[in-house]
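Residue-level structure breakdown
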Amino acid sequence: MPAKKIVTKEIILQAALKLVEREGMETLNMRSLANECNCSTQPIYHAFSGMDELKTEVAKKLLEEFYLFLENEIKSGRYPEYKAIGMGYIRFAVEKREFFKYLFMRRRVDDHNFEDESYDEATFMIMKNYGLYKDEAYKLHSEMWVFVHGIATMFATGYLDWDWDTVDEMVSDVFLSLTGNKNGGNK
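Residues numbered from 1 in each chain as written. Predicted model: local features only at pLDDT ≥ 70, side-chain atom pairs only at ≥ 80, totals over all residues. Heavy atoms only, no water.

**Looking at the overall build of the chain**
- From N to C terminus, the chain includes nine helices and zero strands.
- Scanning the chain from its N terminus toward the C terminus, one meets helices and strands in the order α-α-α-α-α-α-α-α-α.
- The 187 residues of the chain split such that 41% are buried.
- Within the chain, contacts between residues separated by at least 24 positions form 60% of all contacts whose residues are at least 6 apart in sequence.
- Carbon and sulfur atoms make up 52% of the accessible area of the chain, which amounts to about 11000 Å² in all. (Helix = DSSP H or I, 4+ residues; strand = E, 2+ residues; numbered from the N terminus. Buried < 20%, exposed > 50% of the residue type's maximum accessible area, 1.4 Å probe, protein only. Contact = heavy atoms within 4.5 Å. Areas by Shrake-Rupley, 256 points an atom, 1.4 Å probe, with all protein chains shown as cover.)

**Some thoughts on the state of the cysteines**
- For the structure shown, the criterion picks out zero disulfides.
- Cysteine C37 remains unbridged, with the sulfur of C39 as its closest cysteine sulfur at 4.7 Å. (Disulfide = S-S within 2.5 Å.)

**Some details on helix 2 (residues 30-37)**
- Within the sequence span of helix 2, burial applies to M30, S32, L33, A34 and C37.
- Check the buried side of helix 2 and you find it contacts helix 1 (9-23), helix 3 (42-47) and helix 4 (51-76).
- At the N-terminal boundary of helix 2, the capping side chain belongs to N29, with an oxygen 3.0 Å from the backbone nitrogen of R31. (Polar contact = N/O pair within 3.5 Å; in protein donor to acceptor, adjacent residues only side chain to side chain.)

**Quick word on a negative patch on the surface**
- The grouping of D161, D163, D165, E169 and D173 at the surface amounts to a negative patch.
- Structurally, the position occupied by E169 is in helix 9 (residues 164-179). (Patch = residues over 30% accessible without salt bridge, like charges linked within 9 Å, V, L, I, M, F, W, Y side chains within 5 Å. Salt bridge = Lys/Arg side-chain N within 4 Å of Asp/Glu carboxyl O. Lys, Arg positive; Asp, Glu negative; His and termini not counted. Charge placed at Lys NZ, Arg CZ, Asp CG, Glu CD.)

**Some remarks on the environment of F69**
- Structurally, F69 is set in helix 4.
- What makes F69 buried here is its relative accessible area of 14%.
- Between the C-alpha atom of F69 and that of K96, which follows or precedes it by 27 residues, the distance is 9.9 Å.

**Focus on the packing of helix 1 against helix 2**
- In contact at an axis separation of 9 Å, helix 1 and helix 2 are set at 110 degrees when each is read in the N-to-C sense. Here helix 1 is positioned roughly perpendicular relative to helix 2, judged by the angle of their axes. Counting all contacts with helix 1, which are made through I12, A15, A16, K18, L19 and R22, the residues of helix 2 involved are S32, L33, E36 and C37. (Axes fitted to C-alpha atoms, helices over the stretch in contact; angles between N-to-C directions. Parallel < 35°, antiparallel > 145°, perpendicular 65-115°, else oblique.)

Functional significance is not addressed by these values, which are geometric in nature.
Structural data, given as structure tokens:
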């Protein structure tokens, strides 16, 4: 008798991430995931109580990947810390389109903890690095986020495909314009 294939929770989550990355979150269901795992739906139902729990776990993994993506962009040293977040956000939209669409291009009625936390972190970073008061830093981040999100959304939807130098320059130009070039041209 051949050995029984064991499909673990982690294997299922990794398969779900592959499926979502390739085809989008809307294609994730028990049958498509079972096909991706090359198993029946039984192991999936054994590992998860249902689609709600599975999608919650997948969303957590997507958010972890997003934060890791930003962390790596900051660590790369290509940009000052705050700019690295914006450039990482855009790069995530380019390289992980379906993940970006799910995290940032859907209606979320009760899912505001992420935005509140990331806004607080970015506001603090601006205060620390550029010497602005909290209200000024919050406003600057809000204006930059609208701009950066617009570019990221256009990349994620295939609306545009600019070269990276153009994006880099535009993000710097808008930042310097919004800050009135008060910070000695720190791009």
